[in-house]
Amino acid sequence: MESSLDGNKYRLATNCLHAGQINPGVAAGVINPLYPSTAFPYLEVDKFAYPRYFNTPNQEALVTRLCTLEQGEDALVFSSGMAAIFSTFLALLDPGDHAIFQNDLYGGTHHAITAELDRLKITYTLLDEITRESLDRACRPETRFVYIETPSNPLLNCIPIDVVAEFAREKGILSLIDNTFASPVNQNPLVLGMDVVFHSATKYLGGHSDISAGVVISSAGVIGKIRPVAVNLGGNLNSQMCHLLERSIKTLEVRVTRQNENAQAIAEFLSAHAGVANVFYPGLRSHPTHEIAARQMKGFGGMLSFEVKGDPDAFVRRLRLIAPVMSLGAVESTISSPRLTSHAKIGPEGRKKVGISDQLLRLSVGIEAGNDLIDDLGEALKE
Ligand SMILES: *Cc1c(COP(=O)(O)O)cnc(C)c1O
């Protein structure tokens, strides 16, 4: 898609608004027009557009914006994060191949790996700890890629992206990262040497709890491999949702900047509170991976978790502003109990193994006035 702007010239906050401007002339005004058509002419064009080919005008405008934000060459926009992730796995892995995954992954991704790859005769290693040594030990001649997620859910552990990228480069395999928790505002893995970036756009990119979408961003070569498989699987996002997602991204930098500020203030408040046992936020010096986060993140993000000393369910019920709902990354603050939601399936023993106590709560910090959120938490902590 021809863009009227050079994304390299501007800062991220500006590119959130203007990268991928279609520039169709005076009739359209200042926003990109919505092209709902599913039928396009085939004469006098190199390739004709079709939604499932991932090449309609609204898809391409969004792709330009995403590539500018993550410094990629090409991207594909899907109807969910899992569609983006699993279409990519199917494109990059053949029967007999092997892949290395971080064990501590988003539950849906972890489940998709263990439920689907075996019967496709694809082998994999799930690593509890990602270090150069553990990666070297897991790597085989048939290994095709390494896949990580940082910061992790729900303890916000950070993995050194440069170590993973260098390992992959030296072994001649691809490095993949789910960058959903950080968002492109706080972390740009392609700049740090990774090959492929995913986002569940259902979270921060959409940001208003009303869009389901997913993206993969990479080099033109890698996207060229994923595209034909994605076309066969048919998980494309429709034009209306592309238009809505493009609109959401306009405020991404403003939203995430406020979320970073609110989360830092809340993490500090909770750390000092007698009713709270532990706080996990990469922006706190006490966080085990604070140094790694400080090296690779531009902001520490809007996600944090903490352990209350009292009954966690009673505490959640006492909150007035912060809603107990699944999902994350929205403008409204939300809270969830990993014990009852994301990590219910692995059971008490499984949770203990990965350091998730029954007292742990995960907070997705929104853009409300920070002091109102602190007051809400403070009130609910009074038993
Ligand atoms: C939600 C989420 C996904 C999956 O995205 P969907 O849009 O629900 O398919 C993948 N990774 C992370 C980190 C997520 O939070």
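Refer to the structure printed above.
Residues numbered from 1 in each chain as written. Predicted model: local features only at pLDDT ≥ 70, side-chain atom pairs only at ≥ 80, totals over all residues. Heavy atoms only, no water.

Some details on the overall build of the protein
Okay, so step 1: Along the protein, the regular secondary structure elements total 14 helices and 12 strands.
Okay, so step 2: Its C-alpha atoms give the protein a radius of gyration of 21 Å, near enough to 21 Å, the size a compact globule of 383 residues would have.
Okay, so step 3: When the 383 residues of the protein are sorted by exposure, 54% land in the buried category.
Okay, so step 4: Long-range contacts, defined as pairs at least 24 residues apart, comprise 72% of the intrachain contacts of the protein with a sequence gap of at least 6.
Okay, so step 5: Carbon and sulfur atoms form 53% of the exposed surface of the protein, whose accessible area is close to 16800 Å².
Okay, so step 6: Separation of charge centres in the protein, based on 34 positive and 42 negative side chains, amounts to 2 Å. (Helix = DSSP H or I, 4+ residues; strand = E, 2+ residues; numbered from the N terminus. Rg over C-alpha atoms; globule rule 2.2 N^0.38 Å. Buried < 20%, exposed > 50% of the residue type's maximum accessible area, 1.4 Å probe, protein only. Contact = heavy atoms within 4.5 Å. Areas by Shrake-Rupley, 256 points an atom, 1.4 Å probe, with all protein chains shown as cover. Lys, Arg positive; Asp, Glu negative; His and termini not counted. Charge placed at Lys NZ, Arg CZ, Asp CG, Glu CD.)

Considerations on the sheet that holds strand E10 (residues 323–324)
Okay, so step 1: In space, the five strands of this open sheet follow the order E8-E9-E12-E11-E10, with mixed pairing throughout. Edge strands, defined here as strands with exactly one partner in the open sheet, are strand E8 (276–280) and E10.
Okay, so step 2: As paired elements, E8 and strand E9 (residues 303–308) share four bridges and run antiparallel to each other. Looking at the pairing, Phe-280 lines up with Ser-305 of E9. (Pairing = 2+ DSSP bridges.)

Here's the deal with empty space enclosed by the protein
Okay, so step 1: Applying the stated criterion across every chain, the model contains one cavity of 30 Å³ or more.
Okay, so step 2: Roughly 50 Å³ of internal volume is contained in the largest cavity.
Okay, so step 3: Pro-151, Leu-156, Phe-181, Ala-182, Pro-282, Met-297, Phe-300, Gly-301, Gly-302 and Met-303 are the residues that line the largest cavity.
Okay, so step 4: Residues that form the lining of the largest cavity fall into these classes: eight nonpolar, two polar and no charged. (1 Å grid on protein atoms, 1.4 Å probe; cavity = no way out; pocket = protein on both sides within 12 Å on 5 of 7 lines; lining within 4 Å. Points joined across faces, edges and corners; volume = space filled by probe spheres on them. Nonpolar A, V, L, I, M, F, W, Y, C, P; charged D, E, K, R; others polar.)

Comments concerning the packing of aromatic side chains
Okay, so step 1: On inspection of all chains with the given rule, the structure shows 12 aromatic pairs.
Okay, so step 2: Taken together, a centroid distance of 5.9 Å and an interplanar angle of 90° make the contact between Phe-306 and Phe-315 edge-to-face. Like Phe-306, the residue Phe-315 is buried in the burial classification. (Phe/Tyr/Trp six-rings, centres within 6.5 Å; stacked < 30°, edge-to-face > 60°.)

Here we look at the site of the ligand
Okay, so step 1: Around the ligand sit 13 residues, and of these Met-82, Asp-178, Ser-200, Thr-202 and Lys-203 come closest.
Okay, so step 2: A distance of 2.9 Å separates an oxygen atom of the ligand from a polar side-chain atom of Ser-200.
Okay, so step 3: The side chain of Thr-202 places a nitrogen or oxygen atom 2.6 Å from an oxygen atom of the ligand.
Okay, so step 4: Notes on the ligand: free accessible area 380 Å², of which the protein chains cover 91%.
Okay, so step 5: The element best represented in the shell around the ligand is helix H3 (residues 81–92), accounting for three residues.
Okay, so step 6: Residues of the shell around the ligand, tallied by class, amount to five nonpolar, five polar and three charged. (Near = heavy atom within 4 Å. Polar contact = N/O pair within 3.5 Å; in protein donor to acceptor, adjacent residues only side chain to side chain.)

Things to note about the pattern of salt bridges
Okay, so step 1: This structure, assessed with the given rule, holds 13 salt bridges.
Okay, so step 2: Across the pair Glu-60 and Lys-47 runs a salt bridge whose closest N-O atoms are separated by 3.3 Å. Of this pair, Glu-60 sits in helix H2 (residues 57–70) while Lys-47 sits in the loop between helix H1 (12–18) and H2, placing them 13 residues apart in sequence.
Okay, so step 3: On the basis of relative accessibility, which here comes to 18%, the residue Glu-60 falls in the buried class.
Okay, so step 4: With a shortest N-O distance of 3.1 Å, Arg-132 and Asp-136 are connected by a salt bridge. Of the two residues, Arg-132 and Asp-136 are both situated in helix H5 (residues 132–138); the distance of four residues between them amounts to about one turn of the helix.
Okay, so step 5: Accessibility expressed as a relative area gives 31% for Asp-136, which makes it partly exposed. (Salt bridge = Lys/Arg side-chain N within 4 Å of Asp/Glu carboxyl O.)

A closer look at H3
Okay, so step 1: In this model, H3 (12 residues) spans 17 Å end to end at C-alpha, consistent with the 16 Å of a helix rising 1.5 Å per residue.
Okay, so step 2: Along H3, 10 of the 12 residues are buried, which leaves the element largely enclosed by surrounding structure. (Expected span 1.5 Å × (residues − 1).)

Quick word on the layout of surface pockets
Okay, so step 1: Put simply, the largest pocket is a space of about 1100 Å³.
Okay, so step 2: In terms of lining, the largest pocket is formed by 40 residues, of which the most central are Asn-103, Asp-104, Leu-105, Asn-153 and His-343.
Okay, so step 3: Listed by contribution, the elements that provide at least two residues to the lining of the largest pocket are helix H4 (107–116) and helix H13 (347–353).
Okay, so step 4: Tallying contributions element by element places H4 first for the lining of the largest pocket, with four residues.
Okay, so step 5: Considering only residue class, the lining of the largest pocket consists of 16 nonpolar, 17 polar and seven charged.

A word on the sheet that holds strand E3 (residues 123–127)
Okay, so step 1: In spatial order, the strands read E1-E7-E6-E5-E4-E2-E3; together these seven strands make up an open sheet with mixed pairing. The two strands at the open ends of the sheet, each matched to only one other strand, are strand E1 (74–78) and E3. In this sheet, neighbouring strand axes are inclined to one another by 15° on average, regardless of whether the strands run parallel or antiparallel.
Okay, so step 2: As paired elements, strand E2 (residues 98–102) and E3 share five bridges and run parallel to each other. Bridged to Ile-100 within E3 is Thr-125.
Okay, so step 3: Strand contacts of helix H8 (residues 220–233): E1, strand E5 (174–178), strand E6 (196–200) and strand E7 (214–218), with the helix running at about 30° to E1, the strand carrying the most contacts. (Axes fitted to C-alpha atoms, helices over the stretch in contact; angles between N-to-C directions.)

Describing the pairing of E2
Okay, so step 1: Among the five residues that make up E2, five are buried, leaving the element largely enclosed by the rest of the structure.
Okay, so step 2: Side chains His-98, Ile-100 and Gln-102 of E2 all project onto a buried face; the interleaved residues Ala-99 and Phe-101 project onto the opposite face, where all are buried too.
Okay, so step 3: After leaving E2, the chain enters H4 and then returns to the sheet as E3, a path that is right-handed. (Right-handed = clockwise from strand over helix to strand, strands pointing away.)

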